[in-house]
Amino acid sequence: MSAEEERDQSRSATHHIRVSKAFFRALCGAISELSIRTSDLYSFRRLLTHVLASPGPPVYRADAAILDRLCNPDDVNGGIHLTVRIESRHNDLLREFREHAEAQLGRPVSVAEAMRVCIFIVTGE
């Protein structure tokens, strides 16, 4: 691995979000389902990486109706504080997806809302 590749891997972004109980419940279900499906232990970070780095990221296949339902600040935001640190390259993918979702919905999409779509991709819920 080159020095540049090592430097890219060490760069990361930390997101501090406050989520609802429904978001947290969906997150726990997605982590559990993905861990069982792959027979490997997943975390919030690994779940996001798995979804965002998939070939032809499935988050882009969510239609506007699904995005509108999942990217709802009233359902996503809440009192549970979560911190997730993801590599810079995956954060870039998350930013690109947010821009895509914003274009589809015609309104801003928060980091937590975009993460909620990633959770949906794993569970379909």
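This text gives an overview of the structure that appears in the document. (Residues numbered from 1 in each chain as written. Predicted model: local features only at pLDDT ≥ 70, side-chain atom pairs only at ≥ 80, totals over all residues. Heavy atoms only, no water.)

Of the regular secondary structure elements, the protein holds seven helices and two strands. Judged by the C-alpha coordinates and their principal axes, the protein covers about 45 × 35 × 30 Å. The proportion of buried residues among the 125 residues of the protein is 40%. Long-range pairs, those at least 24 residues apart, make up 78% of the contacts in the protein with a sequence separation of at least 6. (Helix = DSSP H or I, 4+ residues; strand = E, 2+ residues; numbered from the N terminus. Buried < 20%, exposed > 50% of the residue type's maximum accessible area, 1.4 Å probe, protein only. Contact = heavy atoms within 4.5 Å.)

Looking at the element boundaries, Ala 114 is found in helix α7 (residues 111-123). Sequence-wise, Ala 114 and Gly 29 are 85 residues apart; in three dimensions their C-alpha atoms are separated by 17 Å. Ignoring sequence-local partners within four residues, the contact set of Ala 114 consists of Leu 94, Phe 97, Arg 98 and Val 109.

A few words on the nonpolar core. In terms of nonpolar packing, the biggest core is built from 37 residues, with Ile 17, Phe 23, Phe 44, Leu 47, Leu 48 and Met 115 touching the most fellow members. For this core, the secondary structure elements donating two or more residues are β1 (12-19), α2 (21-38), α3 (44-52), α4 (64-70), β2 (80-87), α6 (88-105) and α7. Top contributing element to this core by residue count: α7, with nine residues. If sequence neighbours within four positions are ignored, Leu 47 has contacts with Ala 30, Ile 31, Leu 34, Tyr 42, Cys 118, Ile 119 and Val 122. (Core = buried A, V, L, I, M, F, W, Y, C linked by side-chain atoms within 4.5 Å.)

What follows concerns the pattern of salt bridges. Enumeration over the complete set of coordinates arrives at six salt bridges. Measuring nitrogen to oxygen at the nearest pair gives 3.1 Å for the salt bridge that ties Asp 40 to Arg 46. In this structure Asp 40 comes out as partly exposed when scored by relative accessible area, which is 37%. The class of Arg 46 is partly exposed, set by a relative accessible area of 34%. Close ionic contact of Arg 45 with Glu 87 constitutes a salt bridge, the shortest N to O distance being 4.0 Å. Taken together, the positions of Arg 45 in helix α3 and Glu 87 in strand β2 put the pair 42 residues apart, joining distant regions of the chain. Salt bridges sharing common partners tie together Arg 45, Glu 87 and Arg 89. (Salt bridge = Lys/Arg side-chain N within 4 Å of Asp/Glu carboxyl O.)

As far as function goes, none of this settles anything; it's purely spatial.
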